[in-house]
Amino acid sequence: MTSTSYITTPIYYVNDKPHIGHAYSTLAADVLARWRRLEGKEVFFLTGTDEHGQKVQKAAADAGMDPQAFTDQVSGTFRALSQDMGYSITDFIRTTEPRHKRACQVLWEKLAANGEIYLGHYEGWYAVRDEAFYGPDELTERDGVKYAPSGAPVEWVREPSYFFRLSAWQDRLLAYYEANPDFILPASRRNEVIAFVKSGLGDLSISRTSFTWGVKVPGDEAHVMYVWLDALTNYITAAGYPDDPEAFAKWWPAELHIVGKDILRFHAIYWPAFLMAAGLPVPKRVFAHGWWTVEGQKISKSLGNAIDPRGLVEEFGLDPVRYFLLREVPFGQDGDFSRAALVNRLNGELANALGNLANRTLSLIQRNCGGILPAIAVTTAADSAIVEFAASLPTEVGDHINVQAFHLALEAVFQAVRDANAYITVQAPWALKKTDPERMAVVLRVLHDALRVYATVLQPFMPDTMAKLLAQLGVPEEARGLDHLATPLPAGLPLPVPEPLFKKVEAAA
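Below or above, wherever it landed, is the structure these notes cover. For clarity, every value in this text was computed on a predicted model and none was experimentally measured.

1. Looking at the packing of helix H13 (residues 339-368) against helix H15 (residues 406-427)
Move 1: Viewed as axis vectors pointing N to C, H13 and H15 meet at an angle of 50 degrees, and their least axial separation amounts to 10 Å. Taken together, the axes of H13 and H15 are oblique relative to one another. Pair H13 / H15 crosses with left-handed handedness. Along the contact surface, H13 presents Glu-349, Leu-350, Ala-353, Leu-354, Leu-357, Arg-360 and Thr-361, while H15 presents Phe-414, Val-417, Arg-418, Ala-420, Asn-421, Ile-424 and Thr-425.
Move 2: For the contact of H13 with H15, the residue count by class is eight nonpolar, three polar and three charged.

2. A look at the pattern of salt bridges
Move 1: By the definition in use, this model includes 28 salt bridges.
Move 2: Lys-58 is the salt-bridge partner of Asp-62, the closest N and O atoms lying 3.0 Å from each other. Placement of the pair is Asp-62 and Lys-58 together in helix H2 (residues 54-62), with a separation of four residues, close to one helical turn.
Move 3: Note on Asp-62: relative accessible area 57%, which makes it exposed.
Move 4: When salt bridges with common partners are traced through the structure, they connect Arg-327, Glu-328, Arg-345, Glu-349, Glu-411 and Arg-418 into a single cluster.

3. With respect to the sheet that holds strand S6 (residues 132-134)
Move 1: In spatial order, the strands read S6-S5-S9-S11; together these four strands make up an open sheet with antiparallel pairing. Only two strands of the sheet have a single neighbouring strand rather than two, namely S6 and strand S11 (204-205).
Move 2: Both strand S5 (residues 117-127) and S6 contribute to a ladder of three bridges, which runs antiparallel. Directly across from Tyr-126, in S6, lies its bridge partner Phe-133.

4. Concerning the pairing of strand S1 (residues 4-8)
Move 1: Within S1, five of the five residues are buried, which leaves it mostly tucked inside the rest of the structure.
Move 2: In terms of strand pairing, S1 meets strand S3 (residues 42-50) through five bridges, oriented parallel. Bridged to Tyr-6 within S3 is Phe-44.
Move 3: Relative to strand S15 (residues 256-260), S1 runs parallel, the two being bridged by two bridges. Bridge pairing in S15 links Ile-7 to Leu-256.

5. Quick word on the layout of surface pockets
Move 1: The space that makes up the second largest pocket amounts to roughly 420 Å³.
Move 2: Thr-465, Lys-468, Pro-500, Leu-501 and Phe-502 are, among the 20 residues lining the second largest pocket, the residues nearest its centre.
Move 3: When residues of the lining of the second largest pocket are traced back to their parent elements, those giving at least two are helix H11 (309-316), helix H12 (318-327) and helix H18 (463-472).
Move 4: Among the elements that line the lining of the second largest pocket, the one with the most residues is H18, at five residues.
Move 5: The class makeup of the residues in the lining of the second largest pocket is 11 nonpolar, three polar and six charged.

6. Structural notes on the packing of aromatic side chains
For any pair of aromatic rings, the description consists of the separation of the ring centres together with the inter-plane angle of the planes.
Move 1: One pass over the full model with this rule turns up 27 aromatic pairs.
Move 2: Seen from their ring centres, Phe-248 and Trp-252 are 6.1 Å apart, and the 10 degrees between their planes marks the pair as stacked. In this pair, the class of Phe-248 matches that of Trp-252, namely buried.
Move 3: Grouped by ring-pair contacts, the aromatic residues Tyr-6, Phe-44, Tyr-235, Tyr-241, Phe-248, Trp-251, Trp-252 and Trp-271 constitute a single cluster.

7. Some words on the nonpolar core
Move 1: If you look at the biggest cluster of nonpolar residues, it comprises 96 residues, and the most contacted ones within it are Trp-292, Leu-326, Tyr-454, Leu-458, Phe-461 and Phe-502.
Move 2: Apart from the residues lying within four places of it in its own chain, the contact partners of Leu-326 are Tyr-24, Leu-27, Ala-28, Val-31, Phe-331, Phe-406, His-407, Leu-410 and Phe-461.
Move 3: Judged by nonpolar contacts, the second largest core, of 83 residues, contains Ala-148, Val-197, Val-227 and Ala-239.

Scoring rules and cut-offs
- Residues numbered from 1 in each chain as written.
- Predicted model: local features only at pLDDT ≥ 70, side-chain atom pairs only at ≥ 80, totals over all residues.
- Heavy atoms only, no water.
- Axes fitted to C-alpha atoms, helices over the stretch in contact; angles between N-to-C directions.
- Helix = DSSP H or I, 4+ residues; strand = E, 2+ residues; numbered from the N terminus.
- Parallel < 35°, antiparallel > 145°, perpendicular 65-115°, else oblique.
- Left-handed = near helix turned anticlockwise from the far one by under 90°.
- Contact = heavy atoms within 4.5 Å.
- Nonpolar A, V, L, I, M, F, W, Y, C, P; charged D, E, K, R; others polar.
- Salt bridge = Lys/Arg side-chain N within 4 Å of Asp/Glu carboxyl O.
- Buried < 20%, exposed > 50% of the residue type's maximum accessible area, 1.4 Å probe, protein only.
- Pairing = 2+ DSSP bridges.
- 1 Å grid on protein atoms, 1.4 Å probe; cavity = no way out; pocket = protein on both sides within 12 Å on 5 of 7 lines; lining within 4 Å.
- Points joined across faces, edges and corners; volume = space filled by probe spheres on them.
- Phe/Tyr/Trp six-rings, centres within 6.5 Å; stacked < 30°, edge-to-face > 60°.
- Core = buried A, V, L, I, M, F, W, Y, C linked by side-chain atoms within 4.5 Å.

Now the structure itself:
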């Protein structure tokens, strides 16, 4: 792996306020970014807002606002979400920024110079909500209204349009997918994309004349760029394209684009084709995660069931919410949110398993060892099992995170926590104070060292709480990376009096 890592979320469309799905995408990217930093890498972590297009222009008009004022307001709510959820972003990009408009126009000019763009007319079924055209075979009809696969109504549109020669890239895309099997994950999504491309690609309309809120096409300002060409370009804008070639060479191509499954086609087909056509490198991976439902129902405006992640944070705490979202459902699959499930994870795994293990161990060191860290000693097979499992965790957790299997990374840690709880119960260090104080000290040091590993590898998931635990374990702030685990803490280290890490909550009503 390189010493740098560039990780992105989708940029979020500003026609609505943020909900749990937005928080989920950025959380996954944040965990990966934090893990890369634990590995000692330099990280660029990007999120932002997608602010152009017919849908935004209409939403602004419905709100009685100028589009720029409207996007300023809504974009601010997404920036606030990043702060409230503790995301460690490097940059927050907006597609209304001058740097981004320039990048879009330079990319357009490059594509045009390479013969990849031509002027024609477009006729087809268009969904305003999706900002996408659909073929007739993709549509369903109910009560005389045609609908896209997303459920958005479509209308017949005919207007002048510039086209990107997407059809010319079909074979080259398929060859790229074959040569880079991990470019699209999970595998089920990769198979869907390949099947779609094999079914045939037509040329892609990349400009519109029926509205004005967008990046102007260079040389023909009657046209604005198709919102997806504009939006996808954000990833190279932030990396320094075209005006900072040194930064661009450092960060691009991105290690990972995390996206929702509904926008995978744009990222896994259109985006690599645009980049290849412009002579630019393709990102290393696009990972499409699933959707959250709420108590079995899809999140929708009509149902009014969107969950504000900030409300969850206020009720349950930031780190339990971060933990739950990546623990409950395999990343890449759909999942159902329920308060009962969150409460069960918080009470069972965080408070009872990890929190209780830490509090018992550190309280015993306070009471029975004078608050001083015992010396290292491993004398039994049971000790070795705990020590060796803990030592294997950084590699195992890293292997899972590298393929965005966040739930498996957490399961590995909590299997170790469960084993450590069984170990402390069997060894009963509280009873060894009188009968075998030397053995008691060994047990407590084994547990302390294991807890240090658990807390270290859990930092990306629960940064605030694990910082508290590492402080209670006596680990200096500057010694909390993965490479520091090879250096044991010195015997005789004074430890602070522990405090509970998690508060149990009553079962959800």
